[in-house]
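# Structural description and commentary
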Amino acid sequence: MAAYAGAALLLFFALCATGLILSSLFRGKYASLAIAWFGTLCSIVLMAAAGLRLAAGADFQLNLWTLNGFGTLSLHLDALSAIFLFVAGLVYLSCCLFAPDYLSRDGHPAGRYGLLHFALMASVVLILTAGDVLTFLISWECMSILCYLLVNYEQGPEGDSTAGYIMLAMSEAGFLAVVIAFLIAGNAAGGYSFGVLRMGAAHLSGTATWGVFLLGFLGFGVKAGLVPLNFWLPRSYTAAPPVFIPVFAGVTLNLGFYGILRLNADLVPGHGIGPGLVALVIGAVTALVGILYATTENDLKTMLAHSSIENAGIIAAGIGAFLVFRNSGNAVPAALALIAALYHMLNHSTYKALLYQGAGHIEAATGTRDMDRLGGLIRSLPALSIVFLAGCLAIAAVPPFNGFVSEWLTLQTFLRSALLPSAAVKIIFALSGAILALTAALAVTCFVKTYAMSFLGTPRSNWESNAEFARRPRFSLILLAVACVLLGVLPTYVIPALNRAVEPLAGANATASLVPPFFTATQANQQLPPAFLADFHNLGAQTGARWVPGRGLVILLRGGEQNPVVFAMSPSYSVVALTILLLLAWFVTSRLTRRRSLVKNEVWAGGIPTLLPEMTYTATGFSNPVRVVFQAIFRPNIVEDTRETVAVHFRTAIRRRRDETHLVDRLFFHPVGTIVNSVARLLAGMHHGRLNAYVAYVLGFLILILVLYRVG
Amino acid sequence: MGERRMTLTDSSIANTQKINPQRYDAQSLAAAIEQRFASAVSPSANEESRFDRTLIVTQPEALPSLAQFLFWDAGCSFGGLIVEEREEWILRYVFRIPGDGWIHFILRLPLATRTVPSISAQIHAADWYEREAEDLFGLEFEEHPRLGDFILHDQVWQEGLAPMRKAFDAGQTHLKKRPKEDWHPVLVVQDPGAFAMPVGPVYEGGIGESVHFLLETVGEDVIRAVPRLFYNYRAVEKIAEGKSVLDALLLAERFSAKSAFAHSLAYCQAVEKIFEQQVPLRARSLRVALAELERLRHHAGAIAAICQSTALTVSEAHAAIVEEQLLRASCAFAGHRYLFGLNTPGGLRRDFDAQNCRNLLGTVDTTSRQLHRLEERLRYSSSFLDRLEDVGIISQESARDLDLVGPLGRASGLAHDLRRACPYGGYERYRFEVPCEKEGDGFARLRVLFSEAQQSAKLIHQAVESLEPGEICAPVTQPSAGAASGWVEAPIGAAMHWIRLDREQKVERYRILSPSFRNWLGLHVAVEDFAFQDFPIILATFGLSASECDR
Amino acid sequence: MSSWFWHGVRRGIQTTRYPGAPETAAGVSPGRPLPTTFASPEQAFQAASNCPVGAISASKNIASVDLRTCVWCQRCHFGSSNLLNWDEGYEWAQTPATKKDYSALHSAFGQSLHVMVVDAGDCGACLHEVKQLNNPLYNMHRLGIFLTATPRTADVLLVVGPVSENMRGPLLKTYEAMPDPKRVLAVGTCAITGGVFGKSFMSAGGVGMVLPVDVEVLGDPPPPLAILHGLLVVAGRKKPTTAPTQSREEA
């Protein structure tokens with residue numbers, strides 16, 4: 001079976017190459033068709049490869065060729081890679097279905113986009129299936145450069161490429177850190193293939209392990225969007241073209257987490273709980289900062305970028321919890337934490353891609369992204385409003401969508417803090433859990449605002465509506481929405497799949513501890529005694545055992561002897577119960593009100609003749625309380641300029657401009673920039689143009705080398 | 001009218017430094033005016049100056065600088081603008097010299113004139129008077145920053161109606177109203193995320209007068225509150241024209257019933273001047289007692305409204321009980337709960353016997369004691385004070401700038417009271433204090449209300465206990481034509497009624513300068529930059545009446 | 001804070017017992033003029049000319065009053081010659097003569113009536129009397145009558161004022177926003193016939209010119225007990241009264 005997975009992988013590369021050649025050869029409409037068809041095929045093959053590997057249970061290894069001094073370049077497809085490949089394939093599938101409409105409208109040469117698109121796809125897959133350091137690093141660098149090119153895809157010669165440039169600079173900085181981390185690890189292990197590194201991790205000293213962790217975590221954290229390294233993310237997400245940004249948010253963000261997991265959980269696991277705590281705290285802070293800025297942001301794309309930062313924080317916190325639990329000997333909670341993190345990553349890719357595509361759709365249909373100027377789209381874009389609502393509900397963690405499951409699992413891991421060794425660690429855990437709960441609440445606010453201000457109410461400005469564009473069906477959106485629902489309603493099928501990657505890393509079987517075998521109760525499970533199972537049978541936990549395959553439909557967590565509480569939930573049954581209740585309510589209401597007439601009247605507004613758009617709530621107004629409460633973080637400078645006034649009584653115009661510097665910019669980016677600039681200015685003192693001094697530099701350096709050679 | 005850009009320089013900044021202007025009395029003021037505005041102002045010799053001190057402004061261009069001198073240099077208070085259409089336009093600007101009565105400035109313009117220089121830049125309190133004149137008479141005031149959409153709402157009424165002009169027939173009931181489809185309110189805040197939350201006119205969670213507010217905000221704080229009034233406009237001044245004196249007296253009582261006695265008193269005093277009636281002493285004392293009874297009852301109601309707005313229900317209940325007892329006492333004493341039908345030109349229409357007076361005094365004593373105890377308890381309710389202190393502040397400079405009157409002005413440090421400044425109707429014989437506070441916030445206004453209520457109780461005692469037997473009404477001996485003004489310190493503030501009677505003693509022009517019309521200007525100064533939740537409280541502490549403003 | 005409770009309780013129950021028992025405190029109602037028999041037709045004619053709004057009409061030697069036009073100016077009560085008799089009492093709610101098919105609300109509303117109050121140009125007196133119904137001395141809550149902030153949950157539209165033209169639109173919108181079944185209660189002379197403001201370009205001349213009125217409460221202003229009576233009539237708990245046609249001496 002593993003061989004089939006490998007064959008699929010190679011087929012993917014072949015298709016990718018073909019697609020690349022074809023799309024760069026063709027022009028215009030044919031190029032975008034080529035992208036669509038070949039991209040779809042590639043994505044399906046990729047998902048098949050991932051699925052085959054997960055079903056197979058054995059790794060696929062392919063050695064490419066051996067280089068002198070660098071070891072063997074190889075491909076290695078294991079369960080962790082397979083999960084990330086599946087997510088990438090799903091997101092790419094939706095993007096390829098979505099791309100042709102956009103590419104043909106833009107006027108940009110689709111062929112160039114095809115070239116970059118397939119090249120990026122190939123490099124992403126190479127990163128995920130790299131078996132040694134060199135393959136990994138080369139494909140990572142290719143991915144960074146291709147991302148830069150794609151972010152600036154829409155900018156013409158006079159466009160603003162600052163955002164892409166900052167992203168590239170940060171990517172390179174992160175890449176440097178990662179290279180150093182791998183060098184340290186490889187030096188201690190004596191080789192650079194992943195297998196050698198894994199075995200050689202034991203030889204690393206404590207300091208070196210910390211060094212590898214910090215460099216690796218922060219270096220990959222740049223790509224993953226963690227504070228304080230994520231100031232490039234909102235800028236470049238806003239600048240990226242709508243055809244590319246779902247990939248950006250759904251695939252490349254995950255590469256950062258893949259790197260963190262590969263390096264810090266798999267290859268160089270470490271022994272203390274310090275690294276885990278660092279990851280946990282950074283994750284929690286990232287989540288809070290991300291959602292705060294998302295709630296107060298009015299531009300749809302920037303708001304979604306900040307929301308991606310928030311989700312990245314949640315995933316990082318989950319990974320941190322996993323590291324802490326694993327290194328303190330609690331394997332089962334560690335497995336739970338990693339399941340939560342991977343599930344959240346999967347969910348985030350799905351609903352974020354959906355939301356970004358929806359936002360792109362809105363921008364194409366109305367010409368604006370500003371929520372303060374939208375409104376009433378539910379009437380002009382009814383189909384989009386349904387799928388966008390699904391995306392908003394999913395990201396706000398409302399059952400029965402997928403966000404609920406991963407939030408629930410994440411918060412459950414934080415409730416396990418009683419198992420931890422020391423009080424200080426427990427406190428940090430509890431605080432991080434509280435911060436994550438706060439971000440969950442703020443996320444609801446943020447997306448209620450998004451949906452209500454964009455779709456409900458009356459239009460706040462006039463825009464040219466592109467009706468013909470609006471009417472075309474969007475299969476990509478429907479696909480992602482269906483995926484959101486399925487991932488939310490059938491979690492007990494997703495968890496065993498994720499468990500294939502989690503079990504080797506955490507050392508415990510997550511399926512066994514999360515999904516009780518209510519359907520297959522005859523198979524004994526040492527963690528759940530039969531009497532316990534019988535209790536749940538009485539509650540109906542085995543309903544559907546005869547028609548639905550699998551272990552069961554209930555997710556259940558059992559505390560230990562000190563904490564004999566049971567946490568259980570089942571979105572599958574909840575959906576059924578909810579549907580029945582809704583049908584019942586509809587039936588009863590329609591019977592009771594059969595003889596009543598329905599009178600439609602306009603909104604009651606105090607008796608004024610018409611309710612004008614300027615009298616309805618704006619997005620800024622809705623989120624102002626959050627801005628006011630967290631003023632210490634936002635620190636806005638309110639510049640009240642140009643009051644055209646004769647006197648206090650005769651003001652004709654009040655304009656208040658709010659200047660805000662992002663917290664991370666204020667605390668990290670700007671100080672670092674200032675330091676770098678001052679160092680550069682110091683060094684620039686060396687370049688004064690006097691030839692004699694330059695000759696003296698060369699002489700001095702030569703003497704230094706000779707001395708060192710003599711000494712060393 | 002469209003929005004206009006103000007091109008004059010900001011003169012208010014220099015003016016705020018002149019809080020303590022030079023004191024003039026009437027003679028020295030006339031001399032100073034003659035010195036400075038020799039060519040522009042001349043004394044009036046004819047019958048216009050029979051009852052009121054009058055000066056004629058011969059050059060309209062001098063009007064703004066004259067207004068500047070009077071208001072800021074001489075410290076005069078602006079009474080109002082009275083516009084008449086006779087053979088020519090007669091614009092009468094009323095000023096009050098501090099401590100020495102009123103002075104009127106008349107500007108005569110040919111009927112064909114359409115534009116008049118505006119004094120709004122110098123006297124901000126004149127802003128609404130000029131807007132009213134523009135809406136009702138069709139006069140344009142040059143360089144007024146905001147004309148139009150005032151009394152006759154733009155969204156509902158046609159342009160150019162000018163209903164107060166003689167040619168307009170008040171009886172037409174089927175005026176075509178062309179609603180404006182593309183009407184938008186003029187908003188001041190130009191933030192991208194700003195919106196204007198509409199409140200009213202059918203509003204206020206239960207019972208409230210019909211006022212429409214647009215609260216401009218960006219979310220938490222109200223940046224600007226724009227009231228749109230005149231939903232209760234019944235054109236009292238127009239339908240009074242042609243009525244007999246006694247019929248118009250009904251209108252004077254009934255356009256704002258909570259100050260009915262005060263307004264009817266002002267009306268009767270104006271008519272008594274024209275008819276040269278001497279009101280007997282007994283009638284004057286009783287009038288003082290009744291006016292103060294009305295003030296006591298009105299203030300009890302205002303206190304109840306403030307307590308209701310802060311949701312301290314027990315104190316609201318106590319104050320409401322006091323008010324109801326005073327209403328019942330008014331009915332038992334005078335026959336009507338709101339004291340309708342008592343005043344008539346020459347005195348009162350009925351007399352009161354000693355037992356009646358004693359009962360009244362008993363009730364007044366009980367209620368003033370209850371109010372005193374309520375005030376003591378409220379001083380110790382910190383949650384209540386939190387909602388009032390430092391909320392809705394009007395500084396003394398702003399109050400002087402906008403020339404606020406009544407308890408509202410007195411809470412911001414403007415110690416003006418017509419009963420002291422221009423004594424009328426017998427007040428000069430009684431001893432009372434005029435309470436004044438400095439802070440200008442909600443708590444200061446509440447304290448002023450309580451103190452004035454106690455002073456009113458004292459005045460009622462003095463008036464009733466000093467009653468001498470005598471006539472209750474002076475007969476009309478020589479009815480004649482003419483124009484005169486009567487003023488009164490109504491519970492909400494200084495009010496003036498100005499009447500011109502023709503030869504058959506029918507009303508030719510009836511002008512009401514009401515205190516609520518002045519004090520609404522202060523609302524958006526107080527409301528600026530306070531949270532939404534404070535808005536109803538600030539509104540309640542103002543104690544304004546929409547029907548008194550709208551007439 | 002807790003002392004407020006003590007002070008409230010110490011005052012005791014001050015509420016009137018109406019409609020259980022008639023209210024006899026002084027000053028609760030100004031009373032209203034009655035038809036009066038005079039000694040001669042000239043005196044009746046003199047009595048009628050006292051009235052500035054023409055509410056009194058004389059036929060033979062009886063002067064009768066149209067209470068729907070009376071503005072309670074008291075000129076037939078004191079201060080003139082040939083005064084009319086006045087009675088006490090406050091149950092003054094009636095149905096308009098034009099409304100032949102008046103029916104009160106269903107008995108379900110009898111103990112739970114929600115009232116929307118609209119000020120359509122009122123002078124402030126009628127509105128203030130309505131407000132007094134909330135104070136402890138009258139306390140309409142004990143009868144199940146409540147004020148609502150929005151017409152969507154209202155059963156009764158209580159209108160005061162002669163309907164100034166600026167309020168005509170908002171008043172109509174309020175009426176249309178109320179769901180069925182609904183009733184309109186016009187309180188005060190201004191709301192019934194326009195009062196002293198009458199019909200003009202700025203005043204519609206009564207609520208009846210704008211909306212179908214179900215119950216009218218006479219008075220200028222009607223005292224709170226009269227308004228309470230009107231609300232009870234709308235709720236079906238009391239019958240509407242008819243105007244007195246006989247003078248007191250003959251009755």
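Look above for the structure.
Summary of the structure given here. The structure displayed is predicted, hence computed values, not measured ones.

Residue and element names in this part refer to chain B. The buried count for strand β10 (residues 221-228) comes to 7 of 8 residues, which makes it a mostly enclosed element. The pairing of strand β9 (residues 212-217) with β10 spans 6 bridges and is antiparallel. Across the sheet, the residue bridging to His-212 is Arg-228, located in β10. Adjacent in sequence and paired antiparallel, β9 and β10 are bridged by 3 residues, among which Gly-219 carries a positive phi angle near 140°. Pairing of β10 with strand β16 (residues 530-531), which is carried by 2 bridges, proceeds in the antiparallel orientation. By the bridge assignment for β16, Asp-221 is matched with Ala-531.

What follows deals with the nonpolar core. Membership of the largest hydrophobic core comes to 200 residues, with the highest contact counts inside it found for Leu120(A), Phe136(A), Phe182(A), Tyr237(A), Phe244(A), Phe248(A) and Leu409(A). Among the elements that take part in this core, helix α13 (residues 331-366) of chain A stands out by supplying 21 residues, more than any other. When sequence neighbours within four positions are dropped, the list of residues in contact with Tyr237(A) reads Trp232(A), Ile245(A), Phe248(A), Ala249(A), Leu253(A), Lys301(A), Ala305(A), Ser308(A) and Tyr356(A). Listed in part, the 189 residues of the second largest apolar core include Ala74(B), Val83(B), Ile151(B) and Ala463(B).

With that out of the way, let us pick up the interface of chain B and chain C. By convention, interface size is frequently given as the accessible area that disappears when the constituent parts associate. Facing the 71 residues of chain B at the interface are 64 residues of chain C. Summed over both partners, the interface of chain B with chain C buries about 5600 Å², with 61% contributed by carbon and sulfur atoms. We note a salt bridge from Arg337(B) to Glu129(C), for which the minimum N-O separation is 2.8 Å. On inspection of chain B and its partner chain C, the count reaches 24 residue pairs in polar contact (both at pLDDT 80 or more). Listed by contribution, the elements that provide at least two residues to the side of chain B that touches chain C are α5 (236-239), α6 (245-254), α8 (281-309), α9 (313-334) and α10 (354-379) of chain B. Here the side of chain B that touches chain C takes 14 residues from α9(B), the largest share from any one element.

Here we take up unusual backbone geometry. With an omega of 0°, the peptide bond between Val227(A) and Pro228(A) qualifies as cis. Checked against the element boundaries, Pro228(A) lands in the loop between α8 (206-224) and α9 (232-239). Cis geometry marks the peptide bond from Asp220(C) to Pro221(C), where omega comes out at -10°. Here Pro221(C) is to be found in the loop between β11 (215-217) and α6 (224-235). Notably, Phe230(B) is not glycine yet its phi reads approximately 70°, a positive angle. Looking at the secondary structure, you find Phe230(B) in the loop between β10 and α5. On the basis of relative accessible area, Phe230(B) is assigned to the buried category, the value being 0%. At Asn82(C), a residue that is not glycine, the phi angle is positive and equals roughly 55°. Note that Asn82(C) resides in the loop between β4 (62-65) and β5 (86-87). We classify Asn82(C) as buried; its relative accessible area is 19%.

Quick look at the layout of surface pockets now. Remark: the empty space left among the atoms is shown by a probe the size of a water molecule rolled over them. Residues and elements named next belong to chain A. Approximately 650 Å³ is the volume found for the second largest pocket. Residue lining of the second largest pocket: 29 residues in total, with Thr-296, Glu-297, Asn-298, Arg-658 and Glu-660 positioned closest to the centre. At the level of elements, α9, α12 (300-327), α24 (619-629) and β6 (653-659) are the ones that each hand at least two residues to the lining of the second largest pocket. If one sorts the elements of the lining of the second largest pocket by residue count, β6 sits on top with 4 residues. Grouping the amino acids of the lining of the second largest pocket by side-chain chemistry returns 5 nonpolar, 10 polar and 14 charged.

Glancing now at the interface of chain A and chain C. Counting residues at the interface gives 7 residues for chain A, matched by 8 residues for chain C. Taken over both partners, the interface formed by chain A and chain C buries close to 610 Å², and the fraction arising from carbon and sulfur atoms is 50%. If you sort the residues of chain A by the area they bury against chain C, Asn601(A), Trp604(A) and Gly607(A) come out on top, with a joint share of 79%. Among the ionic pairs, Glu602(A) bridges to Lys173(C), the shortest N-O distance being 2.4 Å. Along the lines of polarity and charge, the residues of the side of chain A that touches chain C split into 4 nonpolar, 2 polar and 1 charged.

In this section: empty space enclosed by the protein. Residues and elements named next belong to chain B. Throughout the structure, instances matching the rule amount to 12 cavities of 30 Å³ or more. In this model, the second largest cavity occupies a volume close to 210 Å³. As for the second largest cavity, its lining consists of 22 residues, and the residues nearest its centre are Ser-77, Arg-96, Val-405, Ala-494 and Arg-518. Mapped onto the lining of the second largest cavity, the elements with two or more residues apiece are β3 (77-85), α13 (406-411) and β14 (494-501). Looking at the lining of the second largest cavity residue by residue, the classes come out as 11 nonpolar, 6 polar and 5 charged. Two domains each provide a minimum of three residues to the lining of the second largest cavity, namely domain 1 (3-142) and domain 3 (236-550).

Rules and cut-offs
Residue positions are given per chain, counting from 1 as you read along its sequence in written order. For naming, the first written chain is A and the first written ligand is 1, with later ones following in the order written. Only residues with pLDDT of 70 or above have their local features reported here, since the model is predicted, and side-chain atom pairs are shown and tallied only from 80 upward, although totals for entire chains, interfaces and linings are computed over all residues. Side-chain numbers come from the whole structure's heavy atoms, not from hydrogens or water. Only protein chains enter the calculation, and the probe is 1.4 Å; a residue is then buried if its accessible area is under 20% of its type maximum, exposed if over 50%, and partly exposed in between. Strands are runs of DSSP state E lasting at least 2 residues, helices are runs of H or I lasting at least 4, and numbering of each runs from the N terminus. Criterion used throughout: strands pair if DSSP finds at least two bridges between them. Residue types Ala, Val, Leu, Ile, Met, Phe, Trp, Tyr and Cys, when buried and joined through side-chain atoms within 4.5 Å, form a set referred to as a nonpolar core. Throughout, a residue-residue contact means that at least one pair of heavy atoms, one from each residue, lies within 4.5 Å. Once two parts are joined, some of their accessible surface, as seen by a 1.4 Å probe, is lost; buried area is that loss totalled over both. Salt bridges are defined by distance alone: a side-chain nitrogen of Lys or Arg within 4 Å of a carboxyl oxygen of Asp or Glu. Here a polar contact is recorded for every N or O atom pair within 3.5 Å, except that within protein the pair must consist of a potential hydrogen donor and a potential acceptor, and residues adjacent in sequence are included only if both atoms are side-chain atoms. Buriedness for pockets is judged along seven lines, at least five of which must meet protein on both sides within 12 Å for an open set on the 1 Å grid over protein atoms alone, while cavities are sets there where a 1.4 Å probe fits but cannot get out, and lining residues have an atom within 4 Å of a point. Grid points are joined across faces, edges and corners, and a volume is the space filled by probe spheres set on the points. Residues are grouped as follows: Ala, Val, Leu, Ile, Met, Phe, Trp, Tyr, Cys and Pro are nonpolar; Asp, Glu, Lys and Arg are charged; every other residue, Gly included, is polar. Bear in mind that the domain bounds are from an automatic or database domain assignment.

Take it as geometry only, folks, not as evidence of what the structure does.
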